[in-house]
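Report on the structure
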Amino acid sequence: MIEVSLLTGALPESGTVVVAVGVPAKLGSAAATLDQTSGGTLSKALEAAGPLKQGKVVDLVLPRGLPHARLILLGVGKPEGLERLDREELGAGLARKLQGLGVKEAVLAELGGLELGAAPAEAAADIARGAALATYSFRQYQRPEPEEETRFEQLTLQLAEAPDDAYLGAIENAVAAVERARDLVTEPANMLYPESFAKRCLELEKLGCEVRIMSPAELERLGMRAILAVGQGSVRPPYVVVMRWRGSEDEKPIALVGKGVCFDTGGISLKPAAGMEEMKWDMGGAAAVVGAMHSLAGRKARAHVVGVIGLVENMPSGNAMRPGDVITAMSGKTIEVVNTDAEGRLVLADLLHYTKEELKPRAMIDLATLTGAVVVALGHENGGMFATDEELASKLLEAAKSVGEGLWRLPLGKAYSKHIKSQIADIKNVGRGREAGASAGAVFVQEFVGDVPWAHLDIAGVTWSSRDLPLAPKGATGFGVRLLDEVVRLTCEANKARA
Ligand code: BES
Ligand code: MN
Ligand code: ZN
């Protein structure tokens, strides 16, 4: 990630300085000083540039009378109604623009005197976070970049006074958590398979998370036949990882559960070749859970949270499960596997049953790239949300809105449960073809949650983006990390006074 640093003294005399400007042309205190010492050069330049709309970036190369090499104006928009997400997007737009201009380092002049909907130091942190999120890159498997592709590397925040010690660490943690999820999602399946994914989870121990890796033999002992059936076609056996962050005395944890299909060929119900490479990111739910655990542990959230992920590869082979097979899930329910490509729900079946029985959560939220149908319904603009609990549903929608990771609620219900009736087993793993495919997946999963308050997020449309997004370059979005962090804040931490 870009390096974020602090400056409490005067602005430097060289390099690039970014000055935020409100509407109508309003200069912050730092900018006003600059304007004075330069005999009004800045206000004159602003007059020429016209009113700066929110997010507009104007590059003033070598303005006469100013000591800086380069001055960049950033329009921060109208005084009312700026929220954290708006400030993050300001930072994102700024960083993209600076990168495009070939600027490697810049100083953001102090924001005092501007109305940004937050105190200057908080607003600066939001801008920095947005800048870092938007300039993510994954270059693990490429030669060093050519010179002409200079990356934006460092943002220095000028503050009126030194913030508390945790200030920079908090920015770093929030970004690193999202980057961890994006890295996992981006890794190809020959590098990131169930065992190697499980091992990477151990990195969370450094943050104070407990991490327990359950081996294939242990899954056998527990009777997780549904996960094992999905994995039996692969030479790489499945693993389950349980992570725990105990940041409060609360007995019952909130459980985050993720589908981690490291590669989904479809199995014997083989997917077509075109686009199959995308199925490396069929573990986006698991990645979001790992990223969220990172975020929570890293900021020492005052909450008790468990993360449970099922890591498996869905491959065709002489040993693979067949269409028509009947398997017995850990819960004892029998499942007719009509289509081996509907494997995610089989993974969630055992994960949710295990979580409910062994970890006794107060609520469970699962995330899974579960259906193509949810992409048909909602496109890439929102994840699909299904919930049995109104309180949990409303907290999720609130969190989604505040972090800019959209969710839209879709229906469960008896009528949809009929879609998964089987002739030979308790349930079957597909619904009625093209009808309500996302709901069919959700009611299948619901069979394994008992009466624990539960929400299911079908994130097949939002884990990966073929276009740049406000806070993410195209590719892995990290969807779910910020959302889960925020929903834990709203459900577990809101009523706990600061220690
Ligand atoms: N991983 C896929 C769903 C998916 C599709 C994710 C597109 C991301 C982008 C899932 O395992 C799957 O194959 N689902 C099937 C279910 C069907 C066979 C009932 C689907 O959606 O076609
Ligand atoms: Mn599939
Ligand atoms: Zn899948």
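The structure displayed is predicted, hence computed values, not measured ones. (Residues numbered from 1 in each chain as written. Chains lettered and ligands numbered in written order. Predicted model: local features only at pLDDT ≥ 70, side-chain atom pairs only at ≥ 80, totals over all residues. Heavy atoms only, no water.)

Judged by nonpolar contacts, the single largest core of 98 residues is most densely connected at Phe197, Ile309 and Ile365. Counting contributing residues, this core receives three or more from each of domain 1 (3–159) and domain 2 (178–498). Among the nonpolar cores identified, the runner-up in size contains 50 residues, and Leu219, Met224, Val347 and Val443 belong to it. (Core = buried A, V, L, I, M, F, W, Y, C linked by side-chain atoms within 4.5 Å. Buried < 20%, exposed > 50% of the residue type's maximum accessible area, 1.4 Å probe, protein only. Domains from an automatic or database assignment.)

With that settled, consider helix H3 (residues 84–100). Along an α-helix, residues three or four apart share an orientation, since each turn contains 3.6 residues. When the terminal C-alpha atoms of H3 are compared, their 24 Å separation across 17 residues agrees well with the 24 Å that a helix rising 1.5 Å per residue should span. When H3 is considered as a whole, its buried residues turn out to be Leu85, Arg87, Glu88, Leu90, Gly91, Ala92, Leu94, Ala95 and Leu98. Phi turns positive, to about 80°, at Gly102, one or two residues after H3. (Helix = DSSP H or I, 4+ residues; strand = E, 2+ residues; numbered from the N terminus. Expected span 1.5 Å × (residues − 1).)

Attention now moves to the coordination of the zinc ion (ligand 3). Surrounding the zinc ion (ligand 3) are the protein donor atoms Lys259 (NZ), Asp264 (OD), Asp282 (OD) and Glu343 (OE), which sit 2.0 to 2.4 Å from the metal. Geometry at the zinc ion (ligand 3) is octahedral, judged from the six donor atoms that bind it and their angles of 78 to 175° at the metal. Ordering the donors of the zinc ion (ligand 3) by residue number gives the pattern K-x4-D-x17-D-x60-E. Between the two metal centres, the zinc ion (ligand 3) and the manganese ion (ligand 2), the spacing is 3.1 Å, with Asp264 acting as a shared donor. With a gap of 79 residues between them, Asp264 in strand E10 (residues 254–264) and Glu343 in the loop between strand E13 (334–336) and helix H10 (344–359) connect regions that are remote in the sequence. Each member of the pair, Asp264 as well as Glu343, is classed as buried. (Donors = N, O, S within 2.8 Å, 3.2 Å for Na, K, Ca; no water. Tetrahedral: all angles 85-135°; square planar, octahedral: opposite > 155°, others 65-115°.)

Here the manganese ion (ligand 2) is held by the protein donor atoms Asp264 (OD), Asp341 (O), Asp341 (OD) and Glu343 (OE), which lie 2.0 to 2.2 Å from it. For the manganese ion (ligand 2), the six donor atoms are set out with angles of 69 to 166° between them, so the coordination reads as irregular. Each donor residue of the manganese ion (ligand 2) lies on the same chain, and together they follow the pattern D-x76-D-x1-E.

Before going further, it helps to examine the site of ligand 1. Around ligand 1 sit 16 residues in total, of which Lys271, Asp282, Asp341, Glu343 and Gly372 are the nearest. Asp341 is positioned with one of its side-chain polar atoms (N or O) 2.8 Å from an oxygen atom of ligand 1. Of the residues belonging to the shell around ligand 1, the class tally is five nonpolar, four polar and seven charged. (Near = heavy atom within 4 Å. Polar contact = N/O pair within 3.5 Å; in protein donor to acceptor, adjacent residues only side chain to side chain. Nonpolar A, V, L, I, M, F, W, Y, C, P; charged D, E, K, R; others polar.)

Further remarks concern the sheet that holds strand E8 (residues 210–214). Pairing is mixed across the open sheet formed by eight strands, whose spatial order is E8-E9-E11-E10-E14-E18-E15-E16. Two strands close off the open sheet at either side, each with one partner strand: E8 and strand E16 (407–409). Sheet twist, expressed as the mean angle between neighbouring strand axes with direction ignored, is 20°. When strand E14 (residues 363–368) meets strand E18 (residues 454–458), the two strands line up parallel, connected through five bridges. Each residue of the ladder has a partner; that of Ala368, found in E18, is Asp458. Strands in contact with helix H12 (residues 390–403) are E14, strand E15 (383–387), E16 and E18; relative to E16, the strand with the most contacts, it is inclined by about 150°. Packing against the sheet, helix H14 (residues 437–446) makes contact with E14, E15 and E18, and its axis sits at approximately 145° to E18. (Pairing = 2+ DSSP bridges. Axes fitted to C-alpha atoms, helices over the stretch in contact; angles between N-to-C directions. Contact = heavy atoms within 4.5 Å.)

Okay, the domain arrangement of the protein next. It is common to report an interface's size as the accessible area lost on association of the parts. On domain assignment, one finds that the protein holds domain 1 (3–159) and domain 2 (178–498). Using C-alpha coordinates to define each centre, domain 1 is positioned 39 Å away from domain 2. Residue-level contacts link 14 residues of domain 1 with 20 residues of domain 2. Summing both partners gives a buried area of about 1400 Å² for domain 1 against domain 2, and 56% of it is carried by carbon and sulfur. Close ionic contact of Arg482 with Glu88 constitutes a salt bridge, the shortest N to O distance being 2.6 Å. Inspection of the region where domain 1 meets domain 2 yields seven residue pairs in polar contact (both at pLDDT 80 or more). (Buried area = accessible area lost by both parts, 1.4 Å probe. Salt bridge = Lys/Arg side-chain N within 4 Å of Asp/Glu carboxyl O.)

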